[in-house]
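Structural description and commentary
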Amino acid sequence: MFTAVIRGEEETKKFGKKLADHLKPNDILALTGDLGTGKTTLTKAIAAGLGVKENITSPTFTIVKEYRSGRLPLFHFDVYRLESGEELLAIGGDEYFSRGGICVIEWADKVAEVLPDETKLIALHYGKEEGERIYQCFF
């Protein structure tokens, strides 16, 4: 585990790029945190680091969006509207875990019980200063 203190958008972009450089096919990133802590912003930074060209938007109503223009496919989940991991399984969400891409799952605490053991967790928290975020990374 390690903790990163992020101050602003530029540091988020740097963190996302560095993280993306180390991601391998079938890696799963579980993002947790309160509304507004920057889960989608971090996802955009990771996508940029992967070389994704498309505009990244939150898939709140579609649950998952696929982006294939980067060095690896990106499967971006927003599971806020799901009640449990069983719902994710029922819609076939787990099929993405082994499709050779990177899965980034926002609100992952809602489906944690069905995520593989090797899932990388980043818990996002508000920092002490305006615009500051604390990333607790469990990997």
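So, here is what we can say about the structure in this document. Everything numeric in this text was worked out from a predicted model, so none of it was measured.

Calculation criteria
- Residues numbered from 1 in each chain as written.
- Predicted model: local features only at pLDDT ≥ 70, side-chain atom pairs only at ≥ 80, totals over all residues.
- Heavy atoms only, no water.
- Core = buried A, V, L, I, M, F, W, Y, C linked by side-chain atoms within 4.5 Å.
- Buried < 20%, exposed > 50% of the residue type's maximum accessible area, 1.4 Å probe, protein only.
- Helix = DSSP H or I, 4+ residues; strand = E, 2+ residues; numbered from the N terminus.
- Contact = heavy atoms within 4.5 Å.
- Pairing = 2+ DSSP bridges.
- Axes fitted to C-alpha atoms, helices over the stretch in contact; angles between N-to-C directions.
- Polar contact = N/O pair within 3.5 Å; in protein donor to acceptor, adjacent residues only side chain to side chain.
- Expected span 1.5 Å × (residues − 1).
- Phe/Tyr/Trp six-rings, centres within 6.5 Å; stacked < 30°, edge-to-face > 60°.
- Lys NZ or Arg CZ within 6 Å of the ring centre and 35° of its normal.

This brings us to the nonpolar core. Nonpolar side chains tend toward joint burial in soluble globular proteins. Ranked by internal contacts, the top residues of the largest apolar core, which has 23 residues, are Phe15, Leu42, Ile46, Leu74, Ile122 and Tyr135. Here this core gets four residues from one element, more than from any other, and that element is helix H2 (residues 39-50). With near-sequence residues (within four places) excluded, Phe15 lies in contact with Phe2, Ala4, Ile6, Leu42, Ile122, Tyr135 and Cys137. Counting residues in hydrophobic clusters, the runner-up holds 18 residues, among them Val79, Cys103, Trp107 and Val114.

For the rest of this paragraph, the subject is the sheet that holds strand E6 (residues 120-126). Spatial strand order, E1-E7-E6-E2-E5-E4-E3: seven strands in an open sheet with mixed pairing. Among the strands making up the open sheet, the edge pair consists of strand E1 (2-7) and strand E3 (64-67). Taking the axes of each pair of neighbouring strands and ignoring which way they run, one obtains an average angle of 20° across the sheet. Here six bridges tie E6 to strand E7 (residues 132-138), and the two strands are oriented antiparallel to one another. Considered in E7, the bridge of Ile122 is made with Cys137. In the packing of helix H1 (residues 9-22) onto the sheet, the strands contacted are E1, strand E2 (28-32), E6 and E7, and the crossing angle to E1 comes to about 140°.

Right, let's talk about the side chain of Thr37 for a bit. Locating Thr37 in the fold gives a position in the loop between E2 and H2. What makes Thr37 buried here is its relative accessible area of 1%. Within polar-contact distance, the side chain of Thr37 engages the backbone oxygen of Asp34 at 2.8 Å.

The next subject is H2. The end-to-end C-alpha separation of H2 is 17 Å, in line with the 16 Å expected for 12 residues at 1.5 Å each. All of the buried residues in H2 are Lys39, Leu42, Thr43, Ala45, Ile46, Ala47, Gly49 and Leu50. Packed against the buried residues of H2 are H1, E2, strand E4 (74-78), strand E5 (102-106), E6 and E7.

A word on unusual backbone geometry. Even without being a glycine, Asn26 presents a positive backbone phi close to 75°. Its location among the elements puts Asn26 in the loop between H1 and E2. The phi angle at Trp107 is positive, at roughly 65°, despite the residue not being glycine. One can find Trp107 in the loop between E5 and E6. Residue classification places Trp107 among the buried positions, given a relative accessible area of 14%.

Turning our eyes to something else, we now look at the pairing of E6. Here four bridges tie E2 to E6, and the two strands are oriented parallel to one another. Looking at the pairing, Thr32 lines up with Ala123 of E6. Between E6 and E7, which pair antiparallel in sequence order, lie five residues; one of them, Gly131, sits at a positive phi of approximately 80°.

Moving on to the packing of aromatic side chains. We describe a pair of aromatic rings using the distance from one ring centre to the other and the angle between the two ring planes. For the coordinates displayed, the defined rule picks out five aromatic pairs. Each residue in the set Phe75, Phe77 and Tyr96 is aromatic and connected to the rest through ring pairs, giving one cluster. Geometry around Trp107 places Lys39 over its ring, the cationic atom sitting 4.0 Å from the centre.

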